[in-house]
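Chain by chain, the residues:
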Amino acid sequence: MLYRKLGKTNEKVSALGFGCMRLPVIDGDITKIDEEKAIEMLHHAIDEGVNYVDTAYPYHGTGMGSGGQSEPFVGRALKDGYREKVNLATKLPSWLIKTREDMDKYLNEQLERLQTDKIDFYLVHALNKGVWENLKKLGIDEFLNSAIADGRIRYAGFSFHDDLVVFKDIVDYYDWSFCQIQYNYLDENFQAGTEGLKYAGDKGLGVVIMEPLRGGKLVRDLPETVTNAFKQAEIKKSPVEWALGWVWNHPEVSVVLSGMNVMEHIDENLRIASASLPNSLTEKELEIMVDVQKAYRTRTKVNCTGCQYCMPCPAGVNIPKNFTQYNQYHMLVTPKTEGELKAHYNAFVDISERADKCKECGKCETHCPQGIKIRKELKNVKELFA
Ligand SMILES: NC(=O)c1ccc[n+]([C@@H]2O[C@H](COP(=O)([O-])OP(=O)(O)OC[C@H]3O[C@@H](n4cnc5c(N)ncnc54)[C@H](OP(=O)(O)O)[C@@H]3O)[C@@H](O)[C@H]2O)c1
C-alpha cells in the first residue's frame with residue numbers, strides 16, 4: 001500500500017480508503033448488512049494496509065431521516081484491535097440539524113454507535129448552499145472547535161455536493177483539515193471539480209475522493225463509444241485501472257474511497273492503489289484519457305461550457321447547473337441507471353433553480369457565447385426530469 005500525507009496534518013493515510021456505504025447485504029435489503037462477509041472484507045483490506053474507513057449516519061438505512069446500519073456495523077467490525085489500526089471517518093447529518101444542541105446530540109450518538117471515544121476524521125456531511133447557510137447561523141465553527149478541544153474529534157472536514165462558488169466559500173470560512181469531494185475523469189468541471197481540488201490543496205486541506213468510479217458507472221454497462229475508445233487505445237488497461245489511476249495521478253488527492261462489496265474488487269483496487277503514484281501517468285496515457293472523455297462528451301446534448309455569462313437569470317433558474325445535470329444524464333444513462341440519474345436532478349438542483357421556473361424572457365440568450373437556444377433547451381430539461 002502507498003500512503004500519502006493528508007494536507008497540512010502529519011497523518012499518513014492509505015491511498016485507498018474503504019467506503020462503508022455499499023457493503024454486501026442480505027436479500028437485496030440495504031438495511032441488512034451481510035455482517036460475516038463485510039467483516040471479512042474490511043479486515044482483509046485493513047490487513048493489506050488500508051487505514052482509512054469512511055462511514056456516515058444514514059448509510060445502510062431507510063433514508064436520510066434516521067440512523068442506518070453502517071455505523072453500528074463499523075463499531076462491531078473494528079473490535080479485536082482493528083480500531084487502533086485505522087483512521088475512522090464519519091459525518092454529521094447536516095440536513096437534520098435544527099439547533100446548536102443537535103450538533104452535540106448527533107456526534108455523541110455517533111460515538112456510541114461506533115463504540116469509540118473519538119472520531120479521527122469528522123465531516124459535516126453533504127454540504128450545499130442552503131444547508132451551509134443554516135449551519136453557519138447555528139454556530140458550526142464553535143461546535144467543531146469545541147469537539148476538537150474536548151477530544152471527541154481529531155480533525156474537522158466537510159463533504160460536498162454543490163458548485164465551485166459554494167465550495168470556495170466553505171473552504172475559506174473555517175480552518176478545515178480536509179474535505180471530501182466527488183471526483184473522477186468525468187467530473188473535472190462538475191461540483192468542486194479540478195479547480196476546487198487545487199484550491200483546497202493550495203490551502204493545505206487534505207482531499208478525500210468519493211465516487212471515483214461514479215458509483216460503478218465508469219466500469220459497467222459502458223456506452224459503445226466509450227468501449228471503442230478503450231479498445232482503440234495503444235495501452236491496454238481495464239476501465240477501473242484507467243479511472244482510479246487517473247484520480248491518483250493528482251498530487252492533491254490524499255485518499256480515494258471505494259465502496260467495495262466483493263473480495264475481487266478489493267484485491268483489484270489494492271493492486272491498482274499500490275502502483276499509483278502522483279504524477280505517474282505518461283503523456284500517452286493522459287491522451288488516452290482525453291479520448292475517453294471525448295467519447296463520453298459526444299453523448300452530451302447542450303454545448304454549455306459553464307461560463308456563467310447567462311447568469312443571473314431574473315427567474316432564478318441556475319442555467320449551467322440544469323445543463324450540467326442534463327448532460328451528465330445523457331453521458332451515463334443506461335436502462336439501469338435512468339432512475340438514479342433522474343433522482344440526482346431532484347437531489348442536487350434546488351426547486352427554486354430548476355428549469356420549470358423559466359419565464360422565457362430570453363435575456364440569457366443575448367449573453368451566451370455558445371449561441372445556445374437556452375429557452376428551448378430548458379424546456380427539454382424540464383420534460384426529461386419532470
Ligand atoms: N459524503 C458523501 O456525500 C458521499 C457520497 C457518496 C459516497 N461517499 C463515500 O465515498 C465512498 C466511495 O464512493 P462510491 O462507493 O460511490 O465509490 P465508487 O468507487 O465510485 O463506486 C463503488 C462501486 O464501483 C464498483 N467497483 C468498485 N471497485 C470495482 C472494481 N475493481 N471493478 C469493478 N467495479 C468496481 C462497485 O459497483 P457494484 O457494486 O455495482 O459492482 C462499487 O459498488 C462511499 O462508499 C462512501 O463511503 C460519500
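Our structure is the block above this text.
Read on for a plain summary of the structure. (Residues numbered from 1 in each chain as written. Predicted model: local features only at pLDDT ≥ 70, side-chain atom pairs only at ≥ 80, totals over all residues. Heavy atoms only, no water.)

Looking at the pattern of salt bridges
Piece 1. If you walk through the whole model with that rule in mind, you get 30 salt bridges.
Piece 2. One salt bridge connects Arg-83 with Asp-120, and the closest N-O pair in it is separated by 3.0 Å. Of this pair, Arg-83 sits in the loop between helix 2 (70-77) and strand 7 (87-92) while Asp-120 sits in strand 8 (residues 119-127), and the two are 37 residues apart along the sequence.
Piece 3. According to the relative accessible area criterion, Asp-120 is buried, its value standing at 3%.
Piece 4. A salt bridge links Glu-285 to Lys-237; the shortest N-O distance between them is 2.9 Å. In this pair, Glu-285 sits in helix 11 (residues 283-297) while Lys-237 sits in the loop between helix 8 (224-232) and helix 9 (239-248), placing the two residues 48 residues apart along the sequence.
Piece 5. Classification of Glu-285 as buried rests on a relative accessible area of 12%.
Piece 6. Residue classification places Lys-237 among the partly exposed positions, given a relative accessible area of 24%.
Piece 7. Each of Arg-100, Asp-104, Glu-142, Asp-150 and Arg-152 takes part in one network of salt bridges that share partners. (Salt bridge = Lys/Arg side-chain N within 4 Å of Asp/Glu carboxyl O. Helix = DSSP H or I, 4+ residues; strand = E, 2+ residues; numbered from the N terminus. Buried < 20%, exposed > 50% of the residue type's maximum accessible area, 1.4 Å probe, protein only.)

Observations concerning the packing of aromatic side chains
Piece 1. On inspection of all chains with the given rule, the structure shows 15 aromatic pairs.
Piece 2. Each ring, one from Phe-158 and one from Phe-167, has its centre 5.8 Å from the other, and the planes form 50°; the classification is tilted.
Piece 3. We classify Phe-167 as buried; its relative accessible area is 0%.
Piece 4. Their ring planes at 50° and their centres at 6.1 Å tell us that Tyr-185 and Tyr-296 sit as a pair that is tilted. A residue pair is termed long-range when its members are at least 10 positions apart, and Tyr-185 in the loop between strand 10 (178-182) and helix 7 (193-202) and Tyr-296 in helix 11 qualify at 111 residues.
Piece 5. Exposure remark for Tyr-185: the relative accessible area of 0% places this residue in the buried category.
Piece 6. An aromatic cluster of at least three residues, connected via ring pairs, comprises Trp-132, Phe-158, Phe-160, Phe-167, Tyr-173, Tyr-174 and Trp-176.
Piece 7. Its end group placed over the ring of Tyr-82, Lys-85 keeps NZ or CZ at 4.6 Å from the ring centre. (Phe/Tyr/Trp six-rings, centres within 6.5 Å; stacked < 30°, edge-to-face > 60°. Lys NZ or Arg CZ within 6 Å of the ring centre and 35° of its normal.)

Re the pairing of strand 8
Piece 1. Buried residues dominate strand 8, accounting for nine of its nine residues.
Piece 2. With four bridges connecting them, strand 7 and strand 8 associate as parallel partners. Each bridged residue has a counterpart across the sheet, and for Leu-92 the counterpart in strand 8 is Val-124.
Piece 3. At this point the chain moves from strand 7, through helix 3 (residues 100-113), to the parallel strand 8, and the crossover so formed is right-handed. (Pairing = 2+ DSSP bridges. Right-handed = clockwise from strand over helix to strand, strands pointing away.)

Quick look at the site of the ligand
Piece 1. Arg-22, Asp-54, Leu-213, Gly-215 and Arg-220 are the nearest of the 28 residues found near the ligand.
Piece 2. Within the contact set of the ligand, an oxygen atom lies 2.6 Å away from a side-chain nitrogen or oxygen of Asp-54.
Piece 3. Note that an oxygen atom of the ligand is positioned 3.1 Å from one of the backbone N or O atoms of Glu-211.
Piece 4. Protein contact buries 89% of the 890 Å² of open area that the ligand shows by itself.
Piece 5. For the shell around the ligand, the secondary structure elements donating two or more residues are strand 12 (253-258) and helix 10 (263-273).
Piece 6. At three residues, the largest contribution of residues to the shell around the ligand is made by helix 10.
Piece 7. Class assignment for the residues of the shell around the ligand results in nine nonpolar, twelve polar and seven charged. (Near = heavy atom within 4 Å. Polar contact = N/O pair within 3.5 Å; in protein donor to acceptor, adjacent residues only side chain to side chain. Areas by Shrake-Rupley, 256 points an atom, 1.4 Å probe, with all protein chains shown as cover. Nonpolar A, V, L, I, M, F, W, Y, C, P; charged D, E, K, R; others polar.)

Regarding the sheet that holds strand 3 (residues 16-19)
Piece 1. The eight strands lie next to each other as 3-6-7-8-9-10-11-12, forming a closed barrel whose pairing is parallel. For this sheet the average axis-to-axis angle between neighbouring strands, irrespective of direction, equals 30°.
Piece 2. In this structure, strand 9 (residues 153-160) lies alongside strand 10, joined through three bridges in parallel fashion. In the sheet register, Gly-157 faces strand 10, and the bridge partner there is Phe-178.
Piece 3. Against the sheet, helix 3 engages strand 7, strand 8 and strand 9, with an angle of about 145° to strand 7. (Axes fitted to C-alpha atoms, helices over the stretch in contact; angles between N-to-C directions. Contact = heavy atoms within 4.5 Å.)

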